[in-house]
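Topology and contacts: notes
Given next are the chains, with one letter for each unit.
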Amino acid sequence: RLDALLERIQALAPTSVADLGAGTGALFHRLVAETTIPRLIAVEVDATAFATLKAGLPPHDPTRVVLHLGTFLDLAPRLGPVDLALMIETIEHTDPEHLSKLENALFARLRPAHALITTPNADANAALGVPPHRRRHWDHRFEWSRARFTAWAERTASRHRYRATWFGLGEDLGPCGPATQGVAFERL
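What counts as what
- Residues numbered from 1 in each chain as written.
- Predicted model: local features only at pLDDT ≥ 70, side-chain atom pairs only at ≥ 80, totals over all residues.
- Heavy atoms only, no water.
- Helix = DSSP H or I, 4+ residues; strand = E, 2+ residues; numbered from the N terminus.
- Expected span 1.5 Å × (residues − 1).
- Buried < 20%, exposed > 50% of the residue type's maximum accessible area, 1.4 Å probe, protein only.
- Arc of directions from axis to C-beta.
- Core = buried A, V, L, I, M, F, W, Y, C linked by side-chain atoms within 4.5 Å.
- Contact = heavy atoms within 4.5 Å.
- Pairing = 2+ DSSP bridges.
- Axes fitted to C-alpha atoms, helices over the stretch in contact; angles between N-to-C directions.
- Salt bridge = Lys/Arg side-chain N within 4 Å of Asp/Glu carboxyl O.
- Phe/Tyr/Trp six-rings, centres within 6.5 Å; stacked < 30°, edge-to-face > 60°.
- Lys NZ or Arg CZ within 6 Å of the ring centre and 35° of its normal.

Here the focus is helix H5 (residues 99–110). Structural remark: α-helix, 3.6 residues per turn; residues separated by three or four positions point the same way. The end-to-end C-alpha distance of H5, which contains 12 residues, comes to 15 Å, matching closely the 16 Å that a straight helix rising 1.5 Å per residue would cover. When H5 is considered as a whole, its buried residues turn out to be Leu99, Leu102, Glu103, Ala105, Leu106, Phe107 and Leu110. One face of H5 carries all of its buried residues, which in axial projection span an arc of 165°. Phi turns positive, to about 50°, at Arg111, one or two residues after H5.

This is the structure in C-alpha cells:
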C-alpha cells in the first residue's frame, strides 16, 4: 500500500507535503528517504507515536523536514502553503462531530492543491473476518462504506471547489472492493 501511495505522490510532483496524522512515520520516513520533495511536514497528535516518528528519522535538514506535535485542526494556518496534504488511515480516528472542523481546517484553511485521504472500506470487513458491528481497530470512531465515503467526498469537493477521484489500495476482495479506499482531491 505504501508503494502505491508513493507512486501517486511522486506522480503529483509536489514541492511540499504535509502528512496530517503521520503516526509513527511509516510513510513519512519513506518520503524523507526516497523523494526529493523540498519540504516535508509531519503532524501527529499522539505524543508516543510522535516520539517514535522523530526517533526513526535519519539526520535531516530541519528546513526541509518539519515536525509538529499537535492536531492539524489547530496548526493548519501555521503549516504554510502546501501542495499535497495526506491523511492516510487518519480520518476514521476523528470523532464524527469533528468532521466539519477537519474539513474546514483541511480544505478551507490549509487549502492544498491536492489531498489524498485513505480509510478502511467497511464493505470489506466481513471478507477480512471482522465480526458484524465491530471495527478493524479499537480507536476507529467510524468506518465508512464505499457509498458513505463517496457521498462525503463529493459533498466536500463541491463545497470547497475540488475535484474528487476514487481509488482502492490493496487486494480487491471482489464485490466488496479493496480493503482500503481512497480519494484524491484536486483543487479547481
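This part covers the nonpolar core. Formed by 30 residues in total, the largest nonpolar core has its most connected members in Leu20, Ile91, Leu106, Ile117 and Phe185. What Phe185 contacts, discounting residues up to four positions off in sequence, is Phe107, Ala113, His114, Ala115, Ile117, Trp152, Ala153, Thr156, Ala157, Tyr162, Arg163 and Ala164. One finds Ile9, Leu27, Ala42 and Leu86 within the second-largest nonpolar core, a separate group that totals 23 residues.

This next bit is on the sheet that holds strand S6 (residues 162–172). Strands sit in the order S3-S2-S1-S4-S5-S7-S6 across an open sheet of 7 strands; the sheet is mixed. The sheet terminates laterally at strand S3 (65–69) and S6, the two strands that pair on one side only. Taken pair by pair, the neighbouring strands of this sheet meet at an average axis angle of 15°, ignoring direction. Strand direction decides the pairing type here: strand S1 (residues 16–20) and strand S2 (residues 39–44), joined by 5 bridges, are parallel. Looking across to S2, one finds that Leu20 is bridged to Val43. Of the strands in this sheet, strand S5 (114–120), S6 and strand S7 (178–187) are in contact with helix H6 (residues 146–160), which crosses S6 at around 155°.

Before going further, it helps to examine the environment of His114. The residue His114 is located in strand S5 in this model. Distance from His114 to Arg163, taken between C-alpha atoms, is 9.4 Å for residues 49 residues apart in sequence. When neighbours within four sequence positions are excluded, His114 is seen to be in contact with Leu12, Asp83, Leu84, Ala85, Phe185 and Glu186.

Quick look at the pattern of salt bridges now. All told, the structure shown has 8 salt bridges when counted by the stated rule. For Glu186, the salt bridge is made with Arg163, and the minimal N-O distance between the two is 2.9 Å. Taken together, the residues span a long stretch of sequence, with Glu186 in strand S7 and Arg163 in strand S6 at a distance of 23 residues. By relative accessible area, Glu186 is classed as partly exposed at 33%.

The next point concerns the environment of Thr71. Here Thr71 is to be found in the loop between S3 and helix H4 (72–75). The exposure class assigned to Thr71 is partly exposed, which follows from its relative accessible area of 26%. When neighbours within four sequence positions are excluded, Thr71 is seen to be in contact with Val43 and Val45.

A separate point is helix H2 (residues 26–34). Of all the residues in H2, the buried ones are Leu27, Phe28, Leu31 and Val32. Looking straight down H2, one finds that the buried residues subtend no more than 135° of arc, so they occupy a single side.

Attention shifts here to the packing of aromatic side chains. Counted under the stated rule, the structure contains 8 aromatic pairs. Ring-pair connections join several aromatic residues into one group, and the members of that group are Phe107, Phe142, Trp144, Phe149, Trp152, Tyr162 and Phe185. One residue, Arg8, lies across the ring of Phe167, its end atom 3.7 Å from the ring centre.

The next thing to look at is the side chain of Asn125. Positionally, Asn125 belongs in the loop between S5 and H6. Residue Asn125 is classed as buried on the basis of its relative accessible area, which comes to 7%.

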